[in-house]
Amino acid sequence: MPTLTIDHIKVEVPEGATVLQAARQAGVKIPTLCYLDDVQSIGACRVCLVEVEGARTLVASCSQPASDGMVVKTNSGKVRDGRQMVVELLLSEHDGDCQTCGRSADCELRTLALDLGIGELRYKGEKTFKMIDDSTPALIRDTGKCISCRRCVTVCNEIQQVGGLFAQGRGFATLIGPAFSQNLSDVVCVQCGQCAAVCPVGAIQERNQIDEVWDALEDPTKTVIVQTAPAIRAALGECFEYPAGTLVTGKMVAALRRLGFDAVFDTDFTADLTIMEEGTELLGRLKKALVDGEQVALPQFSSCSPGWINYMEHFNPDMLGNLSTCKSPQQMFGAIAKTYYAEKIGVKPEDMVVVSVMPCTAKKYEAARPEMNDSGVQDVDIVLTTRELGALITQAGIDFRSLADEEMDAPLGISTGAADIFANTGGVMEAALRTAWEIVTQTPFPFPNLHVAPIEGLEGVKVATVKVEGAKGDWAFLEGADLKVAVAHGLGNAQKVIDQVKNGEAEYHFVEVMTCPGGCIGGGGQPRFTTNEVRKARMAAIYREDEGREVRKSHENAAVCALYEEYLGAPCGEISHRLLHTHYFEHDRV
Amino acid sequence: MADVRTNLLICTGGGCIASGALDVSEAMRAELATRELAGEVEVIETGCLGPCVQGPVALVYPDGVFYQNVHVEDVPELVEEHLLKGRIVERLVSHAPGTDKTQAEMNDIPFFNRQVKIVLRNSGIIDPLKIDEYIAREGYQALAKALTSMTPEAVAEEVLASGLRGRGGAGFPTGMKWRFAQQQDNDVKYIICNADEGDPGAFMDRSVLEGDPHSLIEGMVIGAYAIGAHQGYVYVRAEYPLAVERLEHALGQARELGLLGDDIMGTGFSFDLEIRMGSGAFVCGEETALMTSIEGHRGEPRPRPPFPAVSGLWGKPSVLNNVETFANIAPIILKGAAWYASTGTETSKGTKVFALGGNVQHTGLVEVPIGMQLGELIYEVGGGIPGGKDFKAAQLGGPSGGCIPKQHLNVPVDYATLQDLGAIMGSGGVIVMDEDTCMVDIARFFLEFTQEESCGKCPPCRVGTKRMLEIVDRICKGEGEEGDVERLIALGESIQQTSLCGLGQTAPNPVLSTIRHFRHEYEAHIKDHYCEAGVCATLFKARCSNACPASVNIPGFVSLVGEQRYEEALRLHRERNPLASICARVCFHPCESKCMRAGLDGALAIRHVKRHMVEQETDPVLPEIMVSEENAGRKVAIVGAGPAGLSAAFFLARLGYKPVVFEAEPKAGGMLVQAIPAYRLPRAELQREVDMIAAMGATFEYNKALGRDFTLQSLKDEGYEAVFVGVGAPQGMKIGVPGEDGPGVYDGLSFLKQYNIHGAGAVGRNVAVIGGGNAAIDAARSALRLGAESVKILYRRTRAQMPAWGEEIDAADLEGIEILTLVAPEEIVRDASGKVIGVLCKEMALGDYDKSGRRRPVAGHNPTFVVAADTVIAAIGQSLDASAIVDGTPLELNRWGYFEADPVTGGTSTDWVFSGGDATTGPSSVVEAIGAGERAAAGMDQFLTGANHAFWRRDIEPPVFFDPDLDPEEAPRHEVEELAVAARVTNFDEVELSWAAQVAVAEARRCLRCDYGKYGHKQGV
């Protein structure tokens, strides 16, 4: 265990620790910019420079291993001058329209400049080449604001393994973007928004649709309803200074009503519906495979996460048949709202506006897919991220923290704990298992507190085997079967599972994939900044929400049962198929 | 080598191939076949021999004769004369510089005989495609020795003990690197060769790859054995296709012979090599970036630690060295560390290969012992600067390095010394720069390169170098701002400290090092918008005018002469320089040395075009004069009627003043009349321009000497409001040897003045003139004209170092004056009666370089000798006894004893006193003094009126037709004819003859009109 001295403080650190980690351990704050805990420590931005006795130049503390006897100064004149110059240089190339920038409130560069006391720019000159790429429905890139910190590049290439963003060109003309300076829409970008989530400045942001919501709310001819995804309630509070992991479901509902939505509904409702459909689909596939001896694509992959769908369409088109045909809960909601619910309240689908609040940027893309119009019009009209909802509430002048809790509207606001946990990695799987088990065995789900521990948590790929005991009726063929499931989050992890399957290294029946690390609670549209600590806090909140419910299994959702009885018939029946299922398209792998 | 009587080695390095070596080789084989000599003479295509600029080159063995510039048409003669008859073809061999003496054998040529070839031991000697030839020259013996009789530890120790340092740039001890990697406990290790040579102008590695690829392979296998690697990579840029081809070929041969692959030489050691091609990114010279690139990613550096020796390629322990480093390995192993360490300096062992480029005679590839003096590298090995230009600086280490100016020519080229001077050894690029190089522009060039090659990963390099470039760029454009130099230093030092990798950490070096050594050039660009070298084209209209100390509109008057519009031409000339007729005879024409036409078919003869122009004038037309009652009423005085004083008087008169000129002698002209003989400057020409100034309102008072007849204070007391002191440097200097005092010994100036002013002068029969400047030549040629039977010039340096003009020296030669160089007087020898009988001389030799970049004369070893003479004229310099004449007026002097004056206004430490010319600069040129007079006139007017009225300082577009689309027709410079020697040595008639009008017009029309299109609006008639 090396012992080193940082600013006269002696500190003993674990083997392999960096100087930055050692400093944090010693309670010494070193500013960082390109550094991302657990993700990136490439020493690129030079903001975390420190002086190490005996070193020829200043060194980047994020990548410098702490060694025994090292003497480090983090706040010498030389260090301050070096850091100031580096940040000044960044400011000199940066398109600094701070007043109107969407990141003005939480821009890390601006904060750094303030913290380092930069009063003037001594070196002015040419700015970074400015090009606005608004080719996708989800994300907008502004190269003029990019400071080449490489966070997005690392996340896109290493965590997601999508490879949509690279450094290209040389010298001052180095630009971060899709290969050959193409638009995002022309490359493999899955629009997950993880780039936007890690961007320290305003270089990549979600497409802002707040004004579209205002327009809809102002329009007296429209019935405007809103659905909120399960992950929102555990993160929206961060927009209003609540600590990560604070549940704000009731306040959120109250705020949405204040904003003027005609009904406040819950994507949880269609999450429960998804379980009914997707569970039935899975059981059907298993039956075909095991009983009828038909050729069916197994494992079945979950299909709730639109970034994942895009990824499959680009990277694994040969396995599109493995994807569940179920639409995501967002799209199921849109289709049900503009048919079942619209009929119920006597509004024509074209006069209804469905607004979603999602932790996700890919949802914007998903809602805009041309095939998502089974109601006869576009099923979901506007998608806001959690961050945008936060901004909407602020714009409306609503004092969020003082709001009293309110309840969602019926019927599309009625849901179960199984739907809540869709927000977490492993949640869809757990919810599916709760329902499938009880359908197959007609006995209570036997896991303690209904949780399947092996598939919870932040491990990249999680697997579990559930032995079916007591299968009955139509499902007797499953008796004694080992149901093998896998859960992956982050597309890099998902590809690992796919490779296992393709190489015959593992056999799974059902695989849940969430595009973003941690699942939807770590989505690209969530409040910044999402670290593993934050992920854990939000996940815990989601489990609390689940555990606080009276009903925690999707098949016990009375409103969902009523929907089947009144409108859909049976799961995976004909109407379900038309409204709740979809198909996929092969895309080029550019 | 084959059993033939003669081997003809033809260099097929990149340079020689480019100049046609392959055709020569083919023609040679055909010619030999025709003459049935193919069995006797073998043609071998070798790698680079070094002297690329002389290519194609060939070497005949065993004779050792070196042929250069051999082209296909020379082949029959070479075969007939040399290969058949054994006679050297003299026109194709090297000549000693400045002589007709041939140096046929390679060992006679300084370019070769000062080199020590270890790395390049086979390059140019063997056929790189034949492994047998490599093996015949001890190839792969070192590998056998290492594998069979040394442990890996012992190999690394041997390399460490040799003192070999990485030749790629950073100079890290190679053995140390190997030892670190060796100590890593890992089954998989890699050895990598950086052959991605990216410095502009560097081609050392390429030459080894192309000329001796096995030396690299052998070094790498030995290295692999030392560290325990079984796989290696050679990372070579795709722009080196021939290198790749030859290396590929060599790898195949080595595999075939069991020198690569499994179980090498049956020792059980296995290792193989692969070539990886890079796409030519400079940053891939940085080892971590190179490894990242091999891994298949964009070549960007990673932070170190971890160091590659611990975690390199694919996270495995890796050693990376460059080609030259590996090429050193086999000889070290074979001959031992001690042998290797015997070459070089205390701290830097062995040799270094340099790619000599830029303004040097022998551009090419050389390998010299580390520690060779920079001057020796440039002047002896490199052959010096072409075109008689002065050396200014050498850039070492490419864009990451720095420049070394001429005052450091004595330094040994080794790692530590270069670093102390702000340069680096780098990979061995040496770019030699002459006086026509602008150091700001050079810094801009290198910075532009590194900026464009930055990988963009870290802000200091990506943005910082861009900001530096923007500043340097604007300085070059004349838009520099006060404080820019300081800004560059602060930013540059910060970039060095904060960048991620070596590229960024060294990118500011060219700027910082040029600021360190040439700060005045930056300041001249910023403050005066002046580019001394005449490179930064936005700062001037034409290079000739830019070089003219008086800023004469040269394209203007020349093109007017081209249209025979003489009066307009003269008027334009006198806008800035009144003494046109004088300058037409005696100006040392710095303009001509900057003439762009020199690169085509010879510089324009500007001075002689001027001569023709002034010859068309009968009565000078007075220039535009500002009428000012107020100025006319002010008393201004000028002390000294030399060129500075005359110029000041002229421009003051143009501003409406009525200056009074006080002259100590009975004639106006200063040195023009006192020192310069009439055969160079006819007195009537001088008088005409003095009269013109008088006609403009100046009054001349002769025989009035400052300090004798009046003082500055007395002038002030008489009501003079401003005084210009242009008293020159009128005192001759003494030699300081015994016997100097007494009859028969004169100082040059007194001697010349005696005749020029007083018309009297007698010399003995044998005259010895001591000195090498124009005054010495003037004295010698005057002595001849005054009847001396023999005149000798004794000069302590070489002829090339004489400060006198070349044409004057040639003229003296022609007139029979003997010039003895490298001779210094020890004593003036007198007989018993005190009569001078000779000069006791000692022979001098050239020692170290002095601050001016010239080699200092030092005493030679031969005994002294006496040069017989009855008259000795010492023309070794002039000075000014300033304190004797100022008489109480507080005037600060500079460290050479001349008046301290503002170069822009001529102002001195006393606000009403101005000065310029030799009195402030020491002995200088006429045109410098004229420029100083103009500036002082404007300064005095500013002092008196509070405003700048120098209305003549405007850019006047020559009102002549010029068609920029016409290509210049080839037309060599018209020569100036002189009086026949017999007709001139007995009199003081003007030596240079006039041109006929058509000659002058034709010469004038050679002007390329570099100023065209630079007046900010559309050009036309």
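Report follows, based on the coordinates. (Residues numbered from 1 in each chain as written. Chains lettered and ligands numbered in written order. Predicted model: local features only at pLDDT ≥ 70, side-chain atom pairs only at ≥ 80, totals over all residues. Heavy atoms only, no water.)

## Describing the overall build of chain A
Scanning chain A from N- to C-terminus turns up 18 helices and 18 strands. Computed over the C-alpha atoms, the radius of gyration of chain A is 25 Å, within 12% of the 25 Å expected from 2.2 N^0.38 for a compact globule of 590 residues. Overall, chain A is about 75 × 55 × 45 Å in size when its C-alpha atoms are taken along their principal axes. Across the 590 residues that make up chain A, the buried fraction comes to 62%. Across chain A, contacts joining residues at least 24 apart in sequence account for 74% of those joining residues at least 6 apart. With the model as given, the accessible surface of chain A reaches about 21800 Å², and the carbon-plus-sulfur share is 50%. (Helix = DSSP H or I, 4+ residues; strand = E, 2+ residues; numbered from the N terminus. Rg over C-alpha atoms; globule rule 2.2 N^0.38 Å. Buried < 20%, exposed > 50% of the residue type's maximum accessible area, 1.4 Å probe, protein only. Contact = heavy atoms within 4.5 Å. Areas by Shrake-Rupley, 256 points an atom, 1.4 Å probe, with all protein chains shown as cover.)

## Quick word on the pairing of strand E11 (residues 223-228) of chain A
Residue and element names in this part refer to chain A. Counting buried residues in E11 gives 6 out of 6 residues, a clear majority hidden from the surface. Of the two faces of E11, both are covered, the one formed by Thr223, Ile225 and Gln227 as well as the one formed by Val224, Val226 and Thr228. As paired strands, E11 and strand E14 (residues 352-358) are joined by 6 bridges and run parallel to one another. Bridging from a neighbouring strand, Val226 pairs with Val355 of E14. The pairing of E11 with strand E12 (residues 263-266) spans 4 bridges and is parallel. Paired with Val226 across the strands is Val264, a residue of E12. In the classification by handedness, the crossover that spans E11, the intervening helix H7 (residues 249-259) and the parallel E12 is right-handed. (Pairing = 2+ DSSP bridges. Right-handed = clockwise from strand over helix to strand, strands pointing away.)

## Observations concerning the environment of Ile329(B)
All names here are of chain B. Topologically, Ile329 is positioned in helix H13 (residues 323-335). Residue Ile329 is classed as buried on the basis of its relative accessible area, which comes to 0%. Aside from chain neighbours lying at most four places away, what touches Ile329 is Val159, Leu164, Trp178, Gly219 and Ile222.

## Description of the nonpolar core
All names here are of chain B. Ranked by internal contacts, the top residues of the largest apolar core, which has 77 residues, are Ile554, Phe557, Val558, Ile693 and Phe700. When residues in this core are grouped by element, the largest group, 9 residues, is from helix H38 (residues 926-945). Not counting chain neighbours up to four residues away, the residues in contact with Ile554 comprise Cys544, Ser545, Cys548, Cys591 and Ile606. Listed in part, the 67 residues of the second largest apolar core include Val119, Val159, Leu209 and Val319. (Core = buried A, V, L, I, M, F, W, Y, C linked by side-chain atoms within 4.5 Å.)

## What to know about the sheet that holds strand E8 (residues 231-237) of chain B
All names here are of chain B. Taken in spatial order, the 5 strands line up as E9-E10-E8-E7-E11 in an open sheet, and their pairing is mixed. Both outer strands of the open sheet, strand E9 (261-264) and strand E11 (318-322), are each paired with one neighbouring strand and no more. Taken pair by pair, the neighbouring strands of this sheet meet at an average axis angle of 25°, ignoring direction. Looking at chain direction, E9 and strand E10 (residues 269-278) are connected through 2 bridges and run antiparallel. When the bridges of E10 are listed, Ile264 appears paired with Phe269. (Axes fitted to C-alpha atoms, helices over the stretch in contact; angles between N-to-C directions.)

## Details of the packing of helix H7 (residues 152-162) of chain B against helix H10 (residues 213-227) of chain B
The description of two packed helices rests on the angle between their axes and on the distance between the axes. Residues and elements named next belong to chain B. Two elements in contact, H7 and H10, have axes separated by 7 Å at closest approach and are oriented at 120°. On the basis of their axis angle, the class for H7 and H10 is oblique. Crossing handedness for the pair H7 and H10: left-handed. Residues Pro152, Val155 and Ala156 of H7 form the contact with H10, whose own contacting residues are Ile222, Tyr225 and Ala226. Class assignment of the residues belonging to the contact of H7 with H10 gives a composition of 6 nonpolar, no polar and no charged. (Parallel < 35°, antiparallel > 145°, perpendicular 65-115°, else oblique. Left-handed = near helix turned anticlockwise from the far one by under 90°. Nonpolar A, V, L, I, M, F, W, Y, C, P; charged D, E, K, R; others polar.)

## Overview of the pattern of salt bridges
Residues and elements named next belong to chain B. Enumeration over the complete set of coordinates arrives at 120 salt bridges over all chains. Here Arg29 ties to Glu45 by a salt bridge, and the two come within 3.5 Å at their closest N and O atoms. Remark: Glu45 occurs in strand E2 (residues 41-46) and Arg29 occurs in helix H2 (residues 21-34); sequence separation between them is 16 residues. A salt bridge links Lys130 to Asp127; the shortest N-O distance between them is 3.7 Å. The class for Asp127 is buried, based on a relative accessible area of 11%. Among the ionic contacts, a cluster of salt bridges with common partners joins Arg574, Arg585, Arg611, Glu615, Glu617, Glu685, Arg688, Glu689 and Glu990. (Salt bridge = Lys/Arg side-chain N within 4 Å of Asp/Glu carboxyl O.)

## Side note on the interface of chain A and chain B
In this assembly, 35 residues from chain A lie in contact with 35 residues from chain B. Carbon and sulfur atoms make up 52% of the surface buried where chain A meets chain B, a total of about 2700 Å² over both sides. On inspection of chain A and its partner chain B, the count reaches 4 salt bridges. Linking chain A to chain B there are 20 residue pairs in polar contact (both at pLDDT 80 or more). Broken down by secondary-structure element, the contributors of at least two residues to the side of chain A that touches chain B are helix H2 (77-93) and strand E8 (166-168) of chain A. If one sorts the elements of the side of chain A that touches chain B by residue count, H2(A) sits on top with 8 residues. (Buried area = accessible area lost by both parts, 1.4 Å probe. Polar contact = N/O pair within 3.5 Å; in protein donor to acceptor, adjacent residues only side chain to side chain.)

## Side note on unusual backbone geometry
Omega for the peptide link from Arg528(A) to Phe529(A) comes to 15°, which places this bond in the cis form. Structurally, Phe529(A) can be placed in the loop between strand E18 (510-514) and helix H16 (532-547). The step from Tyr61(B) to Pro62(B) runs through a cis peptide bond, and the omega angle for that step is 5°. One can find Pro62(B) in the loop between strand E3 (58-61) and strand E4 (65-67). Phi is positive for Glu241(A), close to 70°, though the residue is something other than glycine. As for its position among the elements, Glu241(A) is in the loop between E11 and H7.

## Considerations on H2(B)
Every α-helical turn comprises 3.6 residues, leaving residues that sit three or four positions apart pointing alike. All names here are of chain B. Along its 14 residues, H2 runs 20 Å from first to last C-alpha, staying within 8% of the 20 Å computed at 1.5 Å per residue. Those residues of H2 that fall on the buried side of the exposure criterion are Ala21, Val24, Ser25, Ala27, Met28, Glu31 and Leu32. Angularly, the buried residues of H2 cover 165° about the axis, an arc narrow enough to put them on a single face. For H2, the exposed residues lying more than 90 degrees away from the buried face are Glu26 and Thr34. The elements touched by buried residues of H2 are strand E1 (6-11), helix H1 (14-18), E2 and helix H3 (75-84). Among the residues trailing H2, Glu36 stands out with phi positive, at a value near 55°. (Expected span 1.5 Å × (residues − 1). Arc of directions from axis to C-beta.)

## Quick look at the sheet that holds E2(B)
All names here are of chain B. The strand order across the open sheet built from 4 strands is E2-E1-E3-E4, with neighbouring strands paired in mixed fashion. Either end of the sheet is taken by a strand with one partner, and the two such strands are E2 and E4. In this sheet, adjacent strand axes meet at a mean angle of 20° when their direction is disregarded. Here 6 bridges tie E1 to E2, and the two strands are oriented parallel to one another.

## Quick notes on the packing of helix H9 (residues 204-211) of chain B against H10(B)
Residue and element names in this part refer to chain B. Viewed as axis vectors pointing N to C, H9 and H10 meet at an angle of 100°, and their least axial separation amounts to 5 Å. Relative to H10, the element H9 lies roughly perpendicular. Contact residues: Val208, Leu209, Glu210 and Gly211 in H9; Pro213, Ser215 and Leu216 in H10. Class assignment of the residues belonging to the contact of H9 with H10 gives a composition of 4 nonpolar, 2 polar and 1 charged.

## Considerations on the packing of aromatic side chains
Inspection of every chain in the model, using the stated rule, returns 33 aromatic pairs over all chains. Between the aromatic rings of Tyr340(A) and Tyr567(A), the centroid separation amounts to 5.5 Å while the plane-to-plane angle is 55°, which identifies the pairing as tilted. Linking Tyr340(A) in helix H10 (residues 329-345) with Tyr567(A) in helix H17 (residues 558-568), this pair joins segments that are 227 residues apart in sequence. Side by side, Tyr340(A) and Tyr567(A) carry an identical accessibility label, which is buried. Aromatic ring contacts, followed pair by pair, group Phe301(A), Trp308(A), Tyr311(A) and Phe315(A) into a single cluster. Taking the ring centre of Tyr720(B) as reference, the NZ or CZ of Lys635(B) above it sits at 4.6 Å. A cation sits over an aromatic face here: Arg785(B) above Tyr679(B), 3.9 Å from the ring centre. (Phe/Tyr/Trp six-rings, centres within 6.5 Å; stacked < 30°, edge-to-face > 60°. Lys NZ or Arg CZ within 6 Å of the ring centre and 35° of its normal.)

## Notes on the side chain of Asp778(B)
By the secondary structure assignment, Asp778(B) is in helix H34 (residues 774-785). In this structure Asp778(B) touches Ala675(B), Ile676(B), Pro677(B), Tyr679(B), Arg680(B), Leu752(B) and Glu808(B), once residues within four positions along its chain are discounted.

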